[in-house]
Amino acid sequence: MRETERARARAVIDLAALKANVRALRGKAPGAAFMAVVKADGYGHGAIPCARAAVEAGATWVGTATPQEALALKAHAGLPDDVRVMCWLWTPGGPWREAVEAGIDVSVSAEWALEEVVGAAEAVQKEAAEAVQKEAAEAVQTAAPVQTVARVQLKADTGLGRGGSQPADWAGLVRRALEAERAGHVRITGLWSHLACADEPGHPSTRQQLDRFREMVTYAEAQGVRPEVRHIANSPATLTLPEAHYDLVRPGVAMYGLSPSPDLGAPADLGLRPVMTLTAPVALVKHVPGGHGVSYGHHYVTPGETTLALVPLGYGDGVPRHASGAGPVLIGGKWRTTAGRIAMDQFVVDLGGDDVEAGAEAVLFGPGDRGEPTAEDWAQAAGTIGYEIVTRISARVPRVYVGG
Ligand SMILES: *Cc1c(COP(=O)(O)O)cnc(C)c1O
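Computed from a prediction, not measured in an experiment: that's the story for all the values here.

Conventions we followed
Residues numbered from 1 in each chain as written. Predicted model: local features only at pLDDT ≥ 70, side-chain atom pairs only at ≥ 80, totals over all residues. Heavy atoms only, no water. Core = buried A, V, L, I, M, F, W, Y, C linked by side-chain atoms within 4.5 Å. Buried < 20%, exposed > 50% of the residue type's maximum accessible area, 1.4 Å probe, protein only. Helix = DSSP H or I, 4+ residues; strand = E, 2+ residues; numbered from the N terminus. Domains from an automatic or database assignment. Contact = heavy atoms within 4.5 Å. Pairing = 2+ DSSP bridges. Axes fitted to C-alpha atoms, helices over the stretch in contact; angles between N-to-C directions. Salt bridge = Lys/Arg side-chain N within 4 Å of Asp/Glu carboxyl O. UniProt positions renumbered as here; feature names shortened; annotations may be inferred. Buried area = accessible area lost by both parts, 1.4 Å probe. Polar contact = N/O pair within 3.5 Å; in protein donor to acceptor, adjacent residues only side chain to side chain. Nonpolar A, V, L, I, M, F, W, Y, C, P; charged D, E, K, R; others polar. Near = heavy atom within 4 Å. Areas by Shrake-Rupley, 256 points an atom, 1.4 Å probe, with all protein chains shown as cover.

> What is the right way to read the nonpolar core from this model?
One broad rule of soluble globular proteins: the nonpolar side chains tend to lie buried together. Core analysis: the biggest nonpolar cluster contains 118 residues, and L154, M255, I331, L364 and F365 have the highest contact counts within it. Here this core gets seven residues from one element, more than from any other, and that element is helix α6 (residues 111-138). Taken domain by domain, the makeup of this core includes at least three residues from each of domain 1 (16-260) and domain 2 (276-402). Here M255 is in contact with L18, N21, V22, L25, F34, A36, V37, V38, A54 and V275, once residues within four sequence places are set aside. In this structure, V294, L308, A339 and V348 belong to the second largest nonpolar core, which totals six residues.

> How should I be thinking about the sheet that holds strand β19 (residues 399-402) in this particular structure?
What links the strands of a sheet is backbone hydrogen bonding, and the strands pair in either a parallel or an antiparallel sense. Across the sheet, which stays open at both edges, the nine strands sit in the order β11-β14-β17-β16-β15-β18-β10-β1-β19 with mixed pairing between neighbours. For this open sheet the edge positions go to β11 (284-288) and β19, each flanked by a neighbour on one side alone. For this sheet the average axis-to-axis angle between neighbouring strands, irrespective of direction, equals 35 degrees. Of the pairings in the sheet, the one linking β11 to strand β14 (residues 306-311) comprises five bridges and is antiparallel in character. Within the sheet, the bridge partner assigned to L284 lies in β14 and is L310.

> How should I be thinking about the pattern of salt bridges in this particular structure?
When the charged atoms of two side chains lie near each other, side chains of opposite charge can form a pair. As enumerated under the stated definition, the model contains 21 salt bridges in all. A salt bridge links R84 to D105; the shortest N-O distance between them is 3.0 Å. Placement of R84 in strand β4 (residues 84-87) and of D105 in strand β5 (residues 105-108) is noted, with a sequence separation of 21 residues between them. You'll find R84 and D105 in the same group, each marked buried. The partner of E388 in a salt bridge is R392, and the shortest N-O contact between them spans 3.0 Å. Residues joined by salt bridges that share partners form a network here, namely R8, D317, D345 and R396.

> Which parts of the structure should I look at to understand the environment of G257?
With respect to the helices, strands and loops of the structure, G257 is situated in the loop between β9 (248-249) and β10 (276-281). When the C-alpha atoms of G257 and R273 are compared, they prove to be 4.5 Å apart, with 16 residues separating the residues in sequence.

> What should I look at first to understand the side chain of T279 in this one?
Positionally, T279 belongs in strand β10. Those residues in contact with T279 that sit more than four places away from it in its chain are A9, R10, L313, E361, A362 and V363.

> Honestly, the UniProt feature "binding site: substrate" (unreviewed entry) in the protein in this entry has me stumped. Any pointers?
Mapped onto this numbering, the UniProt entry annotates "binding site: substrate" (unreviewed entry) at R162 and M344. Taken along the chain, the residues just named run across 183 residues; in space they spread out, the farthest C-alpha pair reaching 33.0 Å. Turning to its location among the elements, R162 is positioned in the loop between β6 (150-155) and α7 (167-182). Given a relative accessible area of 58%, R162 falls into the exposed group. Those residues in contact with R162 that lie beyond four places of it in its chain are D157 and H194. Considering the arrangement of structural elements, one finds M344 in the loop between β16 (334-339) and β17 (347-350). Using a relative accessible area of 43% as the deciding quantity, one classes M344 as partly exposed. Residues contacting M344, with those up to four places away along its chain left out, are G314, Y315, G316, D317 and R396.

> What exactly am I supposed to notice about unusual backbone geometry here?
Note: most residues except glycine have negative phi, and most peptide bonds are trans. We note that A40 has phi near 50 degrees; this positive angle belongs to a residue other than glycine. Along the chain, the position of A40 falls in helix α2 (residues 39-43). The exposure class of A40 is partly exposed, given its relative accessible area of 35%. The backbone of D41 sits at a positive phi, close to 50 degrees, despite the residue not being glycine. Its relative accessible area of 45% is what places D41 among the partly exposed residues.

> How do you make sense of the environment of P167 when you look at a structure like this?
As for its placement among the helices and strands, P167 is situated in helix α7. Distance from P167 to D199, taken between C-alpha atoms, is 24 Å for residues 32 residues apart in sequence. Contact partners of P167, with chain neighbours within four places excluded, come to D157, R212 and M216.

> Please clarify how the domain arrangement of the protein should be interpreted in this entry.
The figure often quoted for interface size is the accessible area lost as the parts come together. In terms of domain boundaries, the protein breaks down into domain 1 (16-260) and domain 2 (276-402). Summarising the inter-unit geometry, the C-alpha centres of domain 1 and domain 2 are found 39 Å apart. When domain 1 packs against domain 2, the two sides together hide about 870 Å² of surface, and 62% of this comes from carbon and sulfur. Counting across the interface, domain 1 meets domain 2 through zero salt bridges. Our enumeration of links across domain 1 and domain 2 arrives at three residue pairs in polar contact (both at pLDDT 80 or more). Along the lines of polarity and charge, the residues of the side of domain 1 that touches domain 2 split into seven nonpolar, three polar and no charged.

> Looking at this model, I keep getting lost on the site of the ligand. Mind explaining?
Close contacts around the ligand come from 13 residues, with K39, Y43, S235, V253 and Y387 the closest. Within the side chain of K39, an N or O atom sits 2.6 Å from an oxygen atom of the ligand. In this structure, an oxygen atom belonging to the ligand sits 2.8 Å away from a main-chain N or O atom of V253. Relative to its unbound accessible area of 390 Å², the ligand is 95% covered by the protein chains. Considered class by class, the residues forming the shell around the ligand number six nonpolar, four polar and three charged.

Okay, structure coming up:
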């Protein structure tokens, strides 16, 4: 028996569903390149297997938040050389040099970041030039070329109020980036931004952000920027806003088969299928009398004689404690609800007198078509969004890949 088959719990990741989701999303944005967003370990699904599967389904870019995530993909994912990797969440002193050498596209929102990436490119270029001289002197073979020009994507804050350059700072950033490009240190590969309310159809801020993006792109291009890609569309914009598609779309959550918002419909309405299924074998079933308190704080007391099932998953696995007394579980063919508090490692379900054997499968969430709850059901039970439900499933739960 394989290790995962004996596992206490597992998250099955259906890569065939992920690939079908990528194809469905590409169908919604046929003129745009596809960046598979795999930040936070692929929203909990595993960045490397998901990046590979997305590329098989036609993604030509992979996006992460942190440079560490991007460097790990470059080092270990074995993606084809022409697949571009981009990351956007930098802090001062970050691994700019490693990113330049690895050919990663880096996002720049402010002049401090531009200065750091220019410094890194200068250092790489100086070293490369010295290596060439040394090789010429020794008449040895030239080593494999390293990337020496930094690939920089300028980020505009068109209204999200998070990352990106404010419109008032844009001219300065564009000017400085063009100087660095003319000096041969950077290539401005992209102009981009991020939407605040695309998951709320018709929200007036989306129109304003698209207008501002057009103005900021037009300004930069008038100054001489020649970007390879201009992009602003996340999952909801990919699904519902063709005018936001530009040259590239950046879906995350929809690729994992979740709807960005119940307002946009269920996954199936959007042509998507949830990729993660979280299950565990029931660890214990027992008969208890009425009036029995269940789990810490006794927030649940059995209303009468009943059977209780112990499910070996808890908040240490990323099951939200906020869903105590509310989170749904399929056991023995029926929906049940967590009884009492979800603890670190386990929670209890009242089977209402049904007899289920220890070892029977408890399904917390999955695609929903076997009658099981979905991540969206857990999101509602916990007062959060489906994104958080899948992303928070911790490393203690082994991922089992199927359909690869
Ligand atoms: C997370 C993220 C995305 C993907 O967002 P979804 O809503 O999951 O599609 C795209 N772009 C940026 C900058 C992000 O941070």
